[in-house]
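# Notes for the structure review
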Amino acid sequence: MRLGIGSWTFPWAIGVPGYPQPPAPLTPAGLLDKAVELGVGLVQFADNLPLDALGPAEIGQLSTKARDLNIGVELGTRGVETEHLLRYLELCRRLGSPLLRTLADPDLERTAAAIGQVLPAFESSGVAIALENYEAHTTRELAGLVRRVNSPALGICLDTVNSLGALETPEQAASELSPHVLNLHVKDFDIIRVPSRMGFSVVGRPAGEGRLDVPRLLAEIRKHGRDPSVVLELWAPFSDSLEATIRTEEDWAKRSIGYLRGLA
């Protein structure tokens, strides 16, 4: 198991729009340090810590630091605009990322057309696009798109919770998408009643402490001969203060990585 963390492991430390902002937000270099502290060898920089906001010199420094620390890098963004994807392809080349995780456009035909324009460049660079499942599409629709394009440079980033928004369970999502998965986002959760008893909330939990059956998930993926990178993501709730919330996030990360490491 190529186990790692990402910028969505520590969203509160980076800064969440609409909430108090950390006085010293976690930086890309700081996220590499977090990986060392947790003893993992992979970091995924996603859309809440966009690397295209950095200049060439900063990208070079980040690449050098990752190499010196022996930390593998993966990149993530959102959207399928041609120029945007090609800009991130260049960042993947500079940082040695084998994949680019992104979110499809709500219009899947537009997504297919845009990806078709850039796939030759991704194929020749040895970089794959990993489309992440989320509530805009069913997993069957996403899997159908990947099969239709039929390129080794297009696959799936399987998120274990996102498809609840499309009324699909983690088991359904894994069954449909596992044959194509390149990257796995482990995000554990619980479903609890709201105080009025009229409705439910989906809330985050440390990996191994919620409703997600991680061993079953990994077995389903391996059944199809897939060996994706595994990146921890967390939905820690905002508590009494930003400082307390960041401490919770840190604690959940340690507990989660300890649990996942035991499954390797």
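## With respect to the overall build of the protein chain
Each helix and strand counted, the protein chain has 9 helices and 10 strands in total. In terms of overall dimensions, the protein chain is globule-like: its C-alpha atoms have a radius of gyration of 18 Å, near the 18 Å expected for 264 residues. Across the protein chain, contacts joining residues at least 24 apart in sequence account for 74% of those joining residues at least 6 apart. Surface summary for the protein chain: the accessible area is close to 11800 Å², and the carbon and sulfur share equals 53%. Of the side-chain charges in the protein chain, 26 are positive and 33 negative, and the distance between the mean point of each set is 3 Å.

## Topic: the side chain of E132
Positionally, E132 belongs in strand β5 (residues 128-132). In terms of polar contacts, E132 uses its side chain to reach the side chain of R101, at 2.6 Å. Within polar-contact distance, the side chain of E132 engages the side chain of N162 at 3.0 Å. Those residues in contact with E132 that sit more than four places away from it in its chain are R101, T102, L103, L142, C157, D159, N162 and H185.

## Let's talk about the sheet that holds strand β4 (residues 99-102)
The 8 strands lie next to each other as β1-β2-β3-β4-β5-β6-β7-β10, forming a closed barrel whose pairing is parallel. With direction set aside, neighbouring strand axes in the sheet form an average angle of 30°. Pairing between strand β1 (residues 2-6) and strand β10 (residues 229-232): 4 bridges, direction parallel. Its bridge partner lying in β10, I5 is registered against L232. Running over the sheet, helix α9 (residues 242-261) touches β1, β7 (181-186) and β10 and is turned about 165° from β1.

Here is what the cut-offs are and how they apply
Numbering of residues begins from 1 in every chain and follows the order in which that chain's sequence is written. The model is predicted, so local features are restricted to residues of pLDDT at least 70 and side-chain atom pairs to those at 80 or more, both for listing and for counting; the totals for chains, interfaces and linings are taken over all residues. Heavy atoms throughout the structure, all of them, feed into the side-chain values; hydrogens and water do not. Secondary structure elements follow DSSP: runs of H or I of four or more residues count as helices, runs of E of two or more count as strands, with numbering from the N terminus. Here the globule rule is a power law, 2.2 Å times the number of residues to the power 0.38, and the radius of gyration is based on C-alpha atoms. Two residues form a contact once any of their heavy atoms are found within 4.5 Å. Using a 1.4 Å probe, accessible areas were evaluated by the Shrake-Rupley method; residue-level cover was limited to the displayed protein chains. When charges are counted, Lys and Arg contribute as positive and Asp and Glu as negative, whereas His and the chain ends are disregarded. A charged residue contributes its charge at one atom only: NZ of Lys, CZ of Arg, CG of Asp or CD of Glu. Pairs of N or O atoms are called polar contacts if they sit within 3.5 Å, as long as, within protein, a hydrogen donor faces a hydrogen acceptor (for residues adjacent in sequence, only side-chain-to-side-chain pairs). Strand pairing is defined by DSSP finding a minimum of two bridges between the two strands. Structural elements are reduced to axes, namely lines fitted to C-alpha atoms, with helices fitted over the stretch in contact, and the angle between N-to-C directions of any two is expressed from 0 to 180 degrees.

The values reported here are purely geometric and, on their own, carry no functional implication.
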